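Observations on the three-dimensional arrangement
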Amino acid sequence: MDEIVVAETDGSMVVTAAVGVTIILGIELIFVEGIVRWLLLALGIGFVYRLTQMKVSVTSSSVVVVNLFVRYELPLAGTRIVTEKDRSPYLSDGGGKMDNTGRVLYLVSDTGEKVRVGVAPMFGNRLDVIAEDLDRAIATMQASDV
């Protein structure tokens, strides 16, 4: 086995980002001219492309996390899966009644490097599914390496 892809960017997230970029580019066509228009177009296309590249996978020697702008490789041996609560300041009703605590999936290497898994959502049970699948993929790769 070369690589086990545990999770990739959700298709609905890519479509939403593409629609958002299209709307923004449509608006900027009205107000922006010249080279700035082409620069914004390139940035929008690059953002959607990088979004499609996000994933978490396991190879025979490492756990690979590709977030929006950075790629991390953590050694397979000694990598732990950690779930932590994270308070989002963007999800509050101002009065403190709405639950704005989500969970974040991290990978921690034995050297202490802590990497957030960007494809794992903060809310819902998909984070648990990704963590379980990641745990199985790590175990599978370690068993096949022996």
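My aim in this report is to walk through the structure given alongside it, one point at a time. Computed from a predicted model, the values in this text were never measured in an experiment. (Residues numbered from 1 in each chain as written. Predicted model: local features only at pLDDT ≥ 70, side-chain atom pairs only at ≥ 80, totals over all residues. Heavy atoms only, no water.)

Time to look at the pairing of strand S3 (residues 62–66). When you tally the buried positions in S3, you get 5 out of 5 residues, the bulk of the element. The two faces of S3 match: Ser62, Val64 and Val66 on one face and Val63 and Val65 on the other face are all buried. Relative to S3, strand S2 (residues 55–59) runs antiparallel, the two sharing 4 bridges. Bridge pairing links Lys55 to Val66 in S3. Once S2 ends, the chain turns through 2 residues before running back antiparallel as S3. Here S3 hands over to strand S4 (residues 71–75) after 4 residues, the two strands then running antiparallel side by side. (Buried < 20%, exposed > 50% of the residue type's maximum accessible area, 1.4 Å probe, protein only. Helix = DSSP H or I, 4+ residues; strand = E, 2+ residues; numbered from the N terminus. Pairing = 2+ DSSP bridges.)

Taking strand neighbours across the sheet as the criterion, the 4 strands line up as S1-S2-S3-S4 in an open arrangement whose pairing is antiparallel. One side of each edge strand has no neighbouring strand; the edge strands of this open sheet are strand S1 (3–8) and S4. Direction aside, neighbouring strands of the sheet carry axes that sit 15° apart on average. (Axes fitted to C-alpha atoms, helices over the stretch in contact; angles between N-to-C directions.)

Of note, Leu107 is situated in strand S6 (residues 101–108). A relative accessible area of 0% places Leu107 in the buried class. Between the alpha carbons of Leu107 and Thr83 there is a distance of 8.7 Å; along the sequence they are 24 residues apart.

Structurally, Val66 is set in strand S3. Judged by its relative accessible area of 6%, Val66 falls in the buried class. Counting along the chain gives 13 residues from Val66 to Gln53, while the straight-line C-alpha distance between them is 7.1 Å. Residues in contact with Val66, not counting those within four places in the same chain, are Arg50, Gln53, Met54, Lys55 and Arg71. (Contact = heavy atoms within 4.5 Å.)

With respect to the secondary-structure elements, Leu41 resides in helix H2 (residues 35–53). Here the alpha-carbon distance between Leu41 and Leu29, two residues 12 residues apart in the chain, equals 9.7 Å.

Our focus in this paragraph is the nonpolar core. In terms of nonpolar packing, the biggest core is built from 25 residues, with Val56, Val58, Leu107, Val117 and Leu134 touching the most fellow members. Mapped by element, the contributors of at least two residues to this core are S1, S2, S3, S6 and helix H3 (126–145). When residues of this core are assigned to their parent elements, the largest contribution, 7 residues, is made by H3. Setting aside residues no more than four positions away along its own chain, Val58 makes contact with Asp2, Glu3, Ile4, Val6, Val63, Leu76, Leu134, Ala137, Ile138 and Met141. Judged by nonpolar contacts, the second largest core, of 5 residues, contains Val104, Tyr106, Val108 and Met122. (Core = buried A, V, L, I, M, F, W, Y, C linked by side-chain atoms within 4.5 Å.)

Now for the pairing of S4. Looking at chain direction, S3 and S4 are connected through 5 bridges and run antiparallel. Bridging across to S4, Val65 finds its partner in Tyr72.

What follows covers the packing of aromatic side chains. Tallying each qualifying case throughout the model produces 0 aromatic pairs. For the cation-ring pair, Lys114 lies above Tyr106, with the distance from its terminal atom to the ring centre recorded as 4.5 Å. (Phe/Tyr/Trp six-rings, centres within 6.5 Å; stacked < 30°, edge-to-face > 60°. Lys NZ or Arg CZ within 6 Å of the ring centre and 35° of its normal.)

Here we take up the side chain of Asn67. Examined against the element boundaries, Asn67 turns out to sit in the loop between S3 and S4. With near-sequence residues (within four places) excluded, Asn67 lies in contact with Arg50, Met54, Tyr72, Arg116, Val117 and Gly118.

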